[in-house]
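One letter stands for each residue in the lines below.
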Amino acid sequence: MNHRFSRIGFFVFWLIMTVLMLGLVGLTFGDKKKEKQKPEAGEAMEALQTTTSAAATADEGFQLVEENGFVAVIDQNGTIYEYTDISLSHLPSVLQDEIRQGKRMSSILEVYSFLENYSS
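Residues numbered from 1 in each chain as written. Predicted model: local features only at pLDDT ≥ 70, side-chain atom pairs only at ≥ 80, totals over all residues. Heavy atoms only, no water.

Novice: Explain the side chain of S87 to me, please; I cannot follow it from the model alone.
Specialist: Topologically, S87 is positioned in strand 3 (residues 80-87). Looking at S87, the relative accessible area reads 16%, which means it is buried. Within polar-contact distance, the side chain of S87 engages the side chain of S89 at 2.9 Å. If near-sequence neighbours (up to four positions away) are discounted, S87 is found in contact with G69 and F70. (Helix = DSSP H or I, 4+ residues; strand = E, 2+ residues; numbered from the N terminus. Buried < 20%, exposed > 50% of the residue type's maximum accessible area, 1.4 Å probe, protein only. Polar contact = N/O pair within 3.5 Å; in protein donor to acceptor, adjacent residues only side chain to side chain. Contact = heavy atoms within 4.5 Å.)

See the structure below:
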């Protein structure tokens, strides 16, 4: 009877070890496949710039204006393109005057650059 239990124990031990090893191999090689599928930061940025450049060509002519004490972006049709949380009072006085008069931006990239620089 002891001989029988030792065979069963040996079989269970190797079965567990095999399952663990297969799981470990799956985790190791599964992560590498996922890493290959993820685009690199440079590729993602390049794709964004290409998309944004195409949009900028189509939507040229933006303006920064004051809307209830905050900066807003108006598109070439005169409609609000985007409201921001940038308070006009927190900007330099020269920039405040430009925005009150309608600061022109030639592309959406220029608008996003401005928003990135002055948003909190």
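Next comes the rest of the account.
Novice: Can you help me understand the pairing of strand 2 (residues 70-74) in this one?
Specialist: Successive side chains on a regular strand alternate, one facing one side of the sheet and the next facing the other. Counting buried positions along strand 2 gives 4 out of 5 residues, so the element sits mostly inside the fold. Note that strand 1 (residues 62-67) and strand 2 share 5 bridges and pair antiparallel. Looking across to strand 2, one finds that Q63 is bridged to I74. Hairpin connection of strand 1 to strand 2: 2 residues between the antiparallel strands, including N68 at a positive phi of 55°. Of the pairings in the sheet, the one linking strand 2 to strand 3 comprises 4 bridges and is antiparallel in character. Among the inter-strand pairings, I74 is bridged to a residue of strand 3, identified as I80. (Pairing = 2+ DSSP bridges.)

Novice: Would you explain the sheet that holds strand 1 in this entry?
Specialist: The pairing of strands in a sheet comes from backbone hydrogen bonds and takes either a parallel or an antiparallel form. The strand order 3-2-1-4 describes an open sheet built from 4 strands, whose pairing is antiparallel. The open sheet has two edge strands with one neighbour each: strand 3 and strand 4 (103-105). The mean angle between the axes of side-by-side strands here comes to 30°, regardless of whether they run parallel or antiparallel. Across the face of the sheet, helix 4 (residues 108-118) comes into contact with strand 1, strand 2, strand 3 and strand 4 while running at roughly 20° to strand 3. (Axes fitted to C-alpha atoms, helices over the stretch in contact; angles between N-to-C directions.)

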